Amino acid sequence: QVQLVESGGGLVQAGGSLRLACAASGRFFGNYAMGWFRQAPGKEREFVSSISYPGGMTIYARFAKGRFTISGDNANDTLYLQMNSLKPEDTAVYYCAGRRASVASYEYWGQGTQVTVSS
C-alpha cells in the first residue's frame, strides 16, 4: 500500500511561485508513474503533469508547459511540482497520485493541498 501526503500549498500573489511536495510511504515495484492533478471549485479534476519511472519521462498539460516543473527525489521518496508565474486561474486543490505502469488509472491519491493565487 502506498500513502501520499502533499504539502507546500498556500496563498501567493499572481506572478509568484510555489513548490508542492508529495511524500510517499510504501514503494512501487517495477515501472510506475507519479502525477499531479488539480481541482478548482465547481470544476472537474484535471491533469497537470506526470513523471514515469524508470526513465523519468515527463508530460505536462498545456497550461503547465513552461511554468510548472515536475521532479522526483527517489532517495527521499518525494515528488515535487515547482510552479512559477502563477495566475489566479491556477487556484485549486492540488493532488498527488501514483499508479503502476500496468494500470491505466491512478491507484493512490493524496488528500490534496490548497493553492490560492490572488490577483
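An account of the accompanying structure is given in this report. (Residues numbered from 1 in each chain as written. Predicted model: local features only at pLDDT ≥ 70, side-chain atom pairs only at ≥ 80, totals over all residues. Heavy atoms only, no water.)

1. Here's the deal with the state of the cysteines
- Under the criterion given, the structure shown has one disulfide.
- Each sulfur in the disulfide pair Cys22 and Cys96 lies 2.0 Å from the other. Handedness of the Cys22-Cys96 disulfide follows from its S-S torsion of about -70 degrees: it is left-handed. Here Cys22 is found in strand β3 (residues 18-25), whereas its partner Cys96 is found in strand β9 (residues 92-100), with 74 residues between them in sequence. For the pair Cys22 and Cys96, one class covers both residues: buried. (Disulfide = S-S within 2.5 Å. Helix = DSSP H or I, 4+ residues; strand = E, 2+ residues; numbered from the N terminus. Buried < 20%, exposed > 50% of the residue type's maximum accessible area, 1.4 Å probe, protein only.)

2. Thoughts on the pairing of β9
- Burial within β9 is extensive, with seven of its nine residues counted as buried.
- Inspection of the sheet shows strand β4 (residues 32-39) paired to β9 by eight bridges, in the antiparallel sense. In the sheet register, Phe37 faces β9, and the bridge partner there is Tyr95.
- Both β9 and strand β11 (residues 113-118) contribute to a ladder of three bridges, which runs antiparallel. Counted as the bridge partner of Tyr94 is Thr113 from β11.
- As defined by bridge partners, β9 adjoins strand β10 (residues 108-109) across two bridges and the pair is classed as antiparallel. The residue bridging Ala97 from the neighbouring strand is Trp109, located in β10. (Pairing = 2+ DSSP bridges.)

3. Considerations on the nonpolar core
- Core analysis: the biggest nonpolar cluster contains 28 residues, and Met34, Trp36, Phe68, Leu79, Leu81, Met83 and Tyr94 have the highest contact counts within it.
- Looking at this core, the elements with two or more residues in it are β3, β4, β5 (46-53), β7 (68-73), β8 (78-83), β9 and β11.
- Filtering out sequence-adjacent residues up to four positions away, Met34 remains in contact with Leu4, Phe28, Ser49, Ser50, Ile51, Ile70, Leu79, Cys96, Ala97, Gly98 and Tyr106. (Core = buried A, V, L, I, M, F, W, Y, C linked by side-chain atoms within 4.5 Å. Contact = heavy atoms within 4.5 Å.)

4. Thoughts on the pattern of salt bridges
- Counted according to the given criterion, the structure contains four salt bridges.
- Close ionic contact of Glu46 with Arg38 constitutes a salt bridge, the shortest N to O distance being 2.7 Å.
- By relative accessible area, which is 6% here, Arg38 ends up buried.
- Here Arg100 ties to Glu107 by a salt bridge, and the two come within 2.4 Å at their closest N and O atoms.
- Overall, Glu107 belongs to the partly exposed group, its relative accessible area being 27%.
- Counted as one network, the salt bridges with shared partners bring together Arg38, Glu46, Arg67 and Asp90. (Salt bridge = Lys/Arg side-chain N within 4 Å of Asp/Glu carboxyl O.)

Keep in mind that these numbers describe shape and distance, not what the molecule does.
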